[in-house]
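Secondary and tertiary structure notes
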Amino acid sequence: MSAAADFIEVFDGALPRETCAAIVARLRASDALAPGRVGGGVHPELKRSRDLSLAGRADWAEVQQAIDRAVYPGLLAYLRRYPQALIAPLMLQIADADGASRRLAAEDLAAMDDRALGELARTCLRPGTVNLQWYEAASGGGYPYWHCELYPRDPDAETLHRHLLWTLYLNEDFEAGETEFLFQRRSVRPATGALLIAPTAFTHTHRGNRPLRGDKFIATGWILFQRAQALFGAAPARG
């Protein structure tokens, strides 16, 4: 890992182009679209889009599965490049050949095959809701507000469990519409089927610039930490 790493990774060809086109066509025809929301609700001056959350939608289960399959290899590749994403916050342990426990090191993740790393990732992390988004150029669609994905929104602190954000670009037949990161001074040009992964905190404040002369379609979501009860067990009762 170089000193210039910005923790923004793009994986080209994560989702086949024909799958992207099928999702776009189905989204255009859907009657379940709703105005896009930000953390505080519907604010079209901050984000103007038509969205479809796939949470609990059995009729979109095959799309959810296709997207999950696309994100998973990218997540493993991201963890291989930045193993501290797991071992820095959780101080994980591993058993050596003699049965003694020691702290997991970055080198241990590099030596794991995909199966072992996948099991570790599933132990520590969980997928969030998938949201399909349609930004119409004609109506000024976009998400031009500088924002991050980690914030205290709900009593269950679900939004504070967000660790990584991801975006799958479903088309590229428009102008502009880049994902722009403020502090890294980096703009990612959408490419059909490409997967973007980055941290959720304010360090990676970003915005979705408005598309021109064409509509932009994306799928977005988060990788969250498992809840404390799953990671550490039930908290002891207070006396």
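Residues numbered from 1 in each chain as written. Predicted model: local features only at pLDDT ≥ 70, side-chain atom pairs only at ≥ 80, totals over all residues. Heavy atoms only, no water.

What about the sheet that holds strand 8 (residues 143-147)?
Two pairing modes exist for strands in a sheet, parallel and antiparallel, and in both the strands are linked by backbone hydrogen bonds. The sheet built from 4 strands is open, its strands ordered 8-14-11-12 with antiparallel pairing. Strands with a single pairing partner mark the edges of an open sheet, and in this sheet they are strand 8 and strand 12 (186-188). Taken pair by pair, the neighbouring strands of this sheet meet at an average axis angle of 15 degrees, ignoring direction. Pairing between strand 11 (residues 179-181) and strand 12: 3 bridges, direction antiparallel. Paired with Glu180 across the two strands is Ser187, which belongs to strand 12. (Pairing = 2+ DSSP bridges. Helix = DSSP H or I, 4+ residues; strand = E, 2+ residues; numbered from the N terminus. Axes fitted to C-alpha atoms, helices over the stretch in contact; angles between N-to-C directions.)

Notes on helix 1 (residues 17-29)
Across its 13 residues, helix 1 extends 19 Å between first and last C-alpha, which sits within 8% of the 18 Å expected from 1.5 Å per residue. Looking at the buried side of helix 1, the elements it contacts are strand 3 (50-53), helix 2 (61-81), strand 7 (131-135), strand 9 (162-169) and strand 16 (216-225). (Expected span 1.5 Å × (residues − 1). Contact = heavy atoms within 4.5 Å.)

Examining the side chain of Asp108
If you trace the backbone, Asp108 turns up in helix 4 (residues 106-111). Accessibility expressed as a relative area gives 16% for Asp108, which makes it buried. Within polar-contact distance, the side chain of Asp108 engages the backbone nitrogen of Ala105 at 2.7 Å. If sequence neighbours within four positions are ignored, Asp108 has contacts with Ile94, Arg102 and Arg103. (Buried < 20%, exposed > 50% of the residue type's maximum accessible area, 1.4 Å probe, protein only. Polar contact = N/O pair within 3.5 Å; in protein donor to acceptor, adjacent residues only side chain to side chain.)

Topic: the nonpolar core
The tendency in soluble globular proteins is for nonpolar side chains to be buried as a group. Counting 46 residues, the largest nonpolar core has Ile67, Leu132, Trp166 and Leu168 as its most contacted members. When residues in this core are grouped by element, the largest group, 8 residues, is from helix 2. Those residues within four positions of Leu168 in sequence are excluded, and the remaining contacts are Ala14, Leu15, Ile67, Ala70, Val71, Gly193, Ala194, Leu195, Phe217, Ile218 and Ala219. With 14 residues, the next largest nonpolar core counts Ile8, Leu165, Ala194 and Trp222 among its residues. (Core = buried A, V, L, I, M, F, W, Y, C linked by side-chain atoms within 4.5 Å.)

Focus on the environment of Gln229
Mapped onto the secondary structure, Gln229 falls in helix 6 (residues 228-232). Relative accessible area serves as the criterion here: at 53%, Gln229 is assigned to the exposed category.

With respect to the pattern of salt bridges
Tallying each qualifying case throughout the model produces 16 salt bridges. The partner of Glu119 in a salt bridge is Arg115, and the shortest N-O contact between them spans 3.5 Å. You can see Glu119 and its partner Arg115 sitting in helix 5 (residues 114-124), 4 residues apart, about one turn around the helix. Close ionic contact of Glu158 with Arg227 constitutes a salt bridge, the shortest N to O distance being 2.9 Å. Here the residue Glu158 occupies a position in the loop between strand 8 and strand 9, and Arg227 occupies one in the loop between strand 16 and helix 6, the gap between them amounting to 69 residues. One salt-bridge network, in which partners are shared between bridges, spans Arg126, Glu158 and Arg227. (Salt bridge = Lys/Arg side-chain N within 4 Å of Asp/Glu carboxyl O.)

With respect to helix 5
Listing the buried residues of helix 5 in full gives Leu117, Gly118, Leu120, Ala121 and Cys124. End-on view of helix 5: buried residues confined to an arc of 165 degrees, all on one side of the axis. (Arc of directions from axis to C-beta.)

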